Amino acid sequence: MKIAITGATGQLGRLVIEKLKTQVPADQLVALVRNSAKATDLGVETREADYAQPATLGAALAGVDKLLLISSSEVGQRAQQHHNVLEAAKQAGVKHIIYTSVLHADASPLSLAEEHRATEAELKASGVAYTLLRNGWYTENYTGSVPGAVAGGAFIGSARNGKISSATRADFADAAVAVLTGEGHEGKTYELAGDESYTLAELAAEISRQTGKDIPYRDLPVADYAATLAGFGVPEGFAHGLASWDADAAEGALFDESRQLSKLIGRPTTPLATAVAAALK
């Protein structure tokens, strides 16, 4: 049984590989990467595979039984890139494809969701067994800003009082491993989110509690938040994306209380307080 993971040198991919190695012999794992020089520390077979270069994909997927397709990071090009992988996987005889989508992809207002919907539809029509892991927001998407918030004296955003049910990358990696190593997941769609939901004001309060400093949450209009992010050096397009996703969060786009993630991984998801503490180290 060969298990392959795309994007294996990315933050999620590396976690999945490390966790899989504790459950599966390393010689059954294949890391699919754009640059094999960046994968020498993974401790498993590596094959070069570029989502955007179909010619690289056939040989990379040869002999693979299960494929974890971690969605591309290139927003706007994802649907075509995922199509390339799915076509190659069909030709290579891959038996089961697990895809990392987005929370409530079928109904989500997030601008990210449209490409996920396209890939989900193509996967369902492919004739290959599939599992959809609709991952919610990474807690790190917010805790990555904790040091800057402490330095600047405030946590900023545009999510108003929207509840966010995030989980850590390690939580989502455990979900992928559970499906890759378990049985009975074919044809299933999992809405994956954290057990705990919080507003950004509550996140700021947790930062304040742990630092002993007053770090308020400052809610900004979307355009002002995007401009502020751009002023910090965030590329303009991505800054507008981040601000718009916060605005969607204000309307409930990142909220889910089904607890499917903790059920799938067999443990509670990582508490917000633990994630904040890690960000402050």
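Now for a quick tour of the structure. (Residues numbered from 1 in each chain as written. Predicted model: local features only at pLDDT ≥ 70, side-chain atom pairs only at ≥ 80, totals over all residues. Heavy atoms only, no water.)

Further remarks concern the overall build of the protein. Across its full length, the protein carries 12 helices and 9 strands. Taking 2.2 N^0.38 as the reference for a compact globule, 281 residues should give roughly 19 Å; the C-alpha atoms of the protein span a radius of gyration of 19 Å, in line with that estimate. C-alpha extents for the protein along the principal axes are approximately 55 × 35 × 35 Å. Taking all 281 residues of the protein together, the buried fraction comes to 49%. (Helix = DSSP H or I, 4+ residues; strand = E, 2+ residues; numbered from the N terminus. Rg over C-alpha atoms; globule rule 2.2 N^0.38 Å. Buried < 20%, exposed > 50% of the residue type's maximum accessible area, 1.4 Å probe, protein only.)

Further remarks concern helix H10 (residues 236–250). Taking 1.5 Å of rise per residue, 15 residues should cover 21 Å, and H10 covers 21 Å from first to last C-alpha, within 8% of that figure. The set of residues buried in H10 consists of Ala239, Gly241, Ala243, Trp245, Asp246, Asp248, Ala249 and Ala250. On the buried face of H10, the contacting elements are helix H5 (140–143), strand S7 (155–157), helix H8 (200–211) and helix H9 (222–231). (Expected span 1.5 Å × (residues − 1). Contact = heavy atoms within 4.5 Å.)

Bringing the packing of aromatic side chains into the picture now. In this structure the tally under the stated criterion is 4 aromatic pairs. A centroid spacing of 6.0 Å and a plane angle of 70° characterise the contact between Phe238 and Trp245, whose relative ring orientation is edge-to-face. Taking the relative accessible area as the measure of exposure, Phe238 reaches 45% and is therefore partly exposed. Each residue in the set Trp137, Phe238 and Trp245 is aromatic and connected to the rest through ring pairs, giving one cluster. (Phe/Tyr/Trp six-rings, centres within 6.5 Å; stacked < 30°, edge-to-face > 60°.)

One non-glycine residue, Arg160, lies in the positive phi region at around 50°. Mapped onto the fold, Arg160 is located in the loop between S7 and helix H7 (169–181). Its relative accessible area of 42% is what places Arg160 among the partly exposed residues. In this model, Arg259 sits at a positive phi of 60°, which is unusual for a non-glycine residue. Tracing the backbone through its elements, the reader meets Arg259 in the loop between H10 and helix H11 (260–265).

What follows deals with the pairing of strand S5 (residues 96–102). Of all 7 residues that make up S5, 7 are buried, and the element is covered over most of its length. Across the two faces of S5 the burial is the same, with His96, Ile98, Thr100 and Val102 and Ile97, Tyr99 and Ser101 all buried. In this region the chain leaves strand S4 (residues 66–69), passes through helix H3 (residues 78–92) and returns to the parallel neighbour S5; the handedness of that crossover is right-handed. Pairing geometry for S5 and strand S6 (residues 129–135), over 7 bridges, is parallel. When the sheet's bridge partners are listed, Ser101 is paired in S6 with Arg134. As a crossover connection, the stretch from S5 through helix H4 (residues 113–124) into S6 is right-handed. (Right-handed = clockwise from strand over helix to strand, strands pointing away. Pairing = 2+ DSSP bridges.)

It is worth spelling out the sheet that holds S4 at this point. Across the sheet, 7 strands lie side by side as S3-S2-S1-S4-S5-S6-S8; this open sheet has parallel pairing. Where the open sheet ends on each side, the last strands, each with one partner, are strand S3 (45–48) and strand S8 (189–192). Neighbouring strand axes in the sheet, compared pairwise and without regard to direction, differ in orientation by 20° on average. Taken together, the 4 bridges between S4 and S5 define a ladder with parallel strand orientation. Its bridge partner being in S5, Leu68 is matched across the sheet by Ile98. Each of S4 and S5 touches H3; the most contacted strand, S4, lies at about 180° to it. (Axes fitted to C-alpha atoms, helices over the stretch in contact; angles between N-to-C directions.)

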